[in-house]
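Structural features, examined
Listed here are the chains, written in short residue letters.
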Amino acid sequence: MVDWELAVKIFLFGLSTVFGSLAALIGAIYAFGRILKLLEKKGN
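Residues numbered from 1 in each chain as written. Predicted model: local features only at pLDDT ≥ 70, side-chain atom pairs only at ≥ 80, totals over all residues. Heavy atoms only, no water.

What follows concerns the pattern of salt bridges. Oppositely charged side chains may form a pair once their charged atoms are brought near each other. Summed over all chains, the structure comprises one salt bridge. Measuring nitrogen to oxygen at the nearest pair gives 3.8 Å for the salt bridge that ties Glu-5 to Lys-9. Separated by four residues within a single helix, Glu-5 and Lys-9 lie in helix H1 (residues 4–43), roughly one turn from each other. Looking at Lys-9, the relative accessible area reads 51%, which means it is exposed. (Salt bridge = Lys/Arg side-chain N within 4 Å of Asp/Glu carboxyl O. Helix = DSSP H or I, 4+ residues; strand = E, 2+ residues; numbered from the N terminus. Buried < 20%, exposed > 50% of the residue type's maximum accessible area, 1.4 Å probe, protein only.)

Right, dumping it as structure tokens:
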């Protein structure tokens, strides 16, 4: 017998964790790109 309520909670938690880490990664890459552009402008 499967406890579907618990299974759904675990699945949703895993899904939100994956998307949360993906969003953090994209945000970090975006911020890193912005910093590089600012450094390039200061260098010129």
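Next up on the list: a nonpolar patch on the surface. The grouping of Val-8, Phe-11, Leu-12, Leu-15, Phe-19, Leu-22, Leu-25, Ile-26 and Ile-29 at the surface amounts to a nonpolar patch, some 900 Å² of accessible area in total. Looking at where Val-8 falls in the secondary structure, it is placed in helix H1. (Patch = residues over 30% accessible without salt bridge, like charges linked within 9 Å, V, L, I, M, F, W, Y side chains within 5 Å. Areas by Shrake-Rupley, 256 points an atom, 1.4 Å probe, with all protein chains shown as cover.)

A word on the environment of Asn-44. Along the polypeptide, Asn-44 turns up in the segment after H1. For the pair formed by Asn-44 and Val-18, sequence separation is 26 residues and the distance between their alpha carbons is 40 Å.

Here we come to H1. Between its terminal C-alpha atoms H1 stretches 58 Å, which fits the 58 Å expected from 40 residues at 1.5 Å a residue. Of all the 40 residues making up H1, zero are buried; the element is thus mostly uncovered. (Expected span 1.5 Å × (residues − 1).)

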